[in-house]
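# Fold and contact review
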Amino acid sequence: MINFDFDSVCVLSGAGISAESGVPTFRGGGKSAVWKGMPFDEISSAKMVKENLDEVWEWFDYRRGVLKECEPNKAHKALVKLEKTVDDFLLVTQNVDGLHTRAGSENIIEVHGNINRSRCVVCRKRFQMQSHHVPHDPSKCDECGNKVRPDVVLFGEMLPSGAYERAVEKASGCNLFIVVGTSALVYPAAILPEVAKRNGAYLIEVNPEETPLTAYCDESLRGKAGEIVPDLVSNLIA
Ligand code: OAD
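Residues numbered from 1 in each chain as written. Predicted model: local features only at pLDDT ≥ 70, side-chain atom pairs only at ≥ 80, totals over all residues. Heavy atoms only, no water.

Before going further, it helps to spend a moment on the domain arrangement of the protein. Each assigned domain of the protein is listed here: domain 1 (8-22 + 71-112 + 159-237) and domain 2 (24-69 + 122-152). The straight-line distance from the C-alpha centre of domain 1 to that of domain 2 is 24 Å. In this complex, domain 1 contributes 13 residues to the contact, which on the side of domain 2 involves twelve residues. For the domain 1 and domain 2 pair, buried surface summed over both sides reaches about 830 Å², with 60% attributable to carbon and sulfur atoms. The interface formed by domain 1 and domain 2 contains zero salt bridges. (Domains from an automatic or database assignment. Contact = heavy atoms within 4.5 Å. Buried area = accessible area lost by both parts, 1.4 Å probe. Salt bridge = Lys/Arg side-chain N within 4 Å of Asp/Glu carboxyl O.)

One key point about sheets: their strands pair by backbone hydrogen bonds, in either a parallel or an antiparallel sense. Within the open sheet, the three strands sit side by side as β7-β6-β8. Their pairing is antiparallel. Across the chains shown, the open sheet's two edge strands, defined by having one partner strand only, are β7 (126-128) and β8 (148-152). If you compare each strand with its neighbour and ignore which way they point, the axes differ by 40 degrees on average. Sheet topology note: the strand β6 (residues 113-120)/β7 ladder contains three bridges and is antiparallel. In the sheet register, Ser118 faces β7, and the bridge partner there is Phe127. (Pairing = 2+ DSSP bridges. Helix = DSSP H or I, 4+ residues; strand = E, 2+ residues; numbered from the N terminus. Axes fitted to C-alpha atoms, helices over the stretch in contact; angles between N-to-C directions.)

This paragraph deals with the pairing of β8. Counting buried positions over the five residues of β8 gives five, a clear majority of the element. Summarising the sheet, β6 and β8 pair through four bridges and their orientation is antiparallel. Looking at the pairing, Ser118 lines up with Pro150 of β8. (Buried < 20%, exposed > 50% of the residue type's maximum accessible area, 1.4 Å probe, protein only.)

Turning our attention to the environment of Gly162. Here Gly162 shows up in the loop between β8 and α6 (163-173). With 27 residues separating them along the chain, Gly162 and Ala189 place their C-alpha atoms 13 Å apart.

Taken together, the neighbourhood of the ligand is formed by 22 residues, with Phe26, Arg27, Thr182, Ser183 and Asn207 sitting nearest. One nitrogen or oxygen atom from the main chain of Ala225 is found 2.8 Å from a nitrogen atom belonging to the ligand. If the ligand stood free it would expose 790 Å²; the protein chains cover 93% of that surface. Its residues assigned to classes, the shell around the ligand shows nine nonpolar, nine polar and four charged. Shared between two domains, the shell around the ligand holds at least three residues of each, these being domain 1 (8-22 + 71-112 + 159-237) and domain 2 (24-69 + 122-152). (Near = heavy atom within 4 Å. Polar contact = N/O pair within 3.5 Å; in protein donor to acceptor, adjacent residues only side chain to side chain. Areas by Shrake-Rupley, 256 points an atom, 1.4 Å probe, with all protein chains shown as cover. Nonpolar A, V, L, I, M, F, W, Y, C, P; charged D, E, K, R; others polar.)

Along the chain, Ser13 falls in strand β1 (residues 8-13). For Ser13, a relative accessible area of 0% corresponds to the buried category. Among all residues touching Ser13, those that are not within four sequence positions of it are Leu91, Val92, Thr93, Gln94, Asn95, His100 and Val180.

This part covers the side chain of Glu83. Relative to the assigned elements, Glu83 resides in helix α4 (residues 74-85). A polar contact is formed between the side chain of Glu83 and the backbone nitrogen of Glu106, at a distance of 3.2 Å. Those residues in contact with Glu83 that lie beyond four places of it in its chain are Phe89, Ser105, Glu106 and Asn107.

In this model, the protein carries an average pLDDT of 92, and 96% of its residues clear a pLDDT of 70 or more. Mean pLDDT values for the elements of the protein range from 72 in strand β2 (residues 34-35) up to 98 in strand β9 (residues 176-180). (pLDDT = per-residue confidence, 0-100.)

Considering all chains together, one arrives at three aromatic pairs under this definition. Arranged with centres 5.0 Å apart and planes meeting at 45 degrees, the rings of Phe26 and Phe40 form a pair that is tilted. On the criterion of sequence distance, the pair formed by Phe26 in the loop between β1 and β2 and Phe40 in helix α1 (residues 40-43) is long-range, its members being 14 residues apart. A relative accessible area of 27% places Phe26 in the partly exposed class. Assessed through its relative accessible area of 6%, Phe40 is described here as buried. On the basis of an interplanar angle of 20 degrees and a centroid distance of 6.5 Å, the ring pair of Trp59 and Tyr62 is categorised as stacked. Of this pair, Trp59 and Tyr62 both sit in helix α3 (residues 53-68), separated by three residues, roughly a single helical turn. (Phe/Tyr/Trp six-rings, centres within 6.5 Å; stacked < 30°, edge-to-face > 60°.)

Below, the structure written as structure tokens:
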């Protein structure tokens with residue numbers, strides 16, 4: 001167990017932290033998500049936005065429909081507690097479900113965007129959607145009349161500028177880095193724990209399964225986020 005005074009904490013979360021809230025993960029458990037016979041990295045791609053935006057919206061509306069019923073779980077809430085206790089804290093999430101914010105996290109970067117936002121494909125005006133309104137609304141931009149698309153990062157797209165750089169800066173400077181519920185396969189987010197480790201941070205992973213990161217970790221805590229993270233946080237702030 002960690003035996004030094006940490007004062008700067010960075011957390012990277014992935015789909016696994018929301019699994020116990022009822023949000024399906026993309027990979028893991030030997031399966032990967034498929035929508036109408038298409039792997040998710042095909043339907044969630046920049047190419048599909050160009051070729052068949054209606055179908056992209058069908059998939060995102062389906063996911064928004066699943067999320068309507070989901071609530072933040074004990075792991076999301078425990079991270080809020082940690083944030084309140086540590087002066088220098090940043091949560092970087094790959095999740096687009098908004099559950100961290102609903103739990104009360106404030107210092108957070110959603111590197112892959114948010115499923116309840118859309119943006120115009122032409123003028124890029126952003127729209128906040130009502131999470132309980134499925135299907136999405138609006139479907140046209142009120143500024144220029146063009147179609148809107150989900151405001152999330154899709155396969156084949158760059159991360160929004162600025163956000164990732166801020167995450168790298170924090171990862172390089174923190175002395176404790178916690179990775180929760182990610183397969184650590186999608187770059188560049190998966191680089192953050194490596195950056196932290198290279199710069200001397202203590203690295204803890206919470207995941208029921210091994211990941212490519214496991215070998216670099218100082219501690220690998222095997223199990224579900226909702227069970228492990230609350231205990232981990234209690235130990236850290238005791
Ligand atoms: P994945 O679906 O790739 O991985 C989920 C991870 O969560 C796996 O390693 C599981 O073992 C783990 N897991 C499952 N249940 C868990 C639980 N109860 N507690 C803790 N861990 C659990 O999800 P991500 O790594 O988040 O990108 O995927 C990264 C990105 O790939 C996503 O953000 C998404 C996808 O393409 C975009 O949409 C751009």
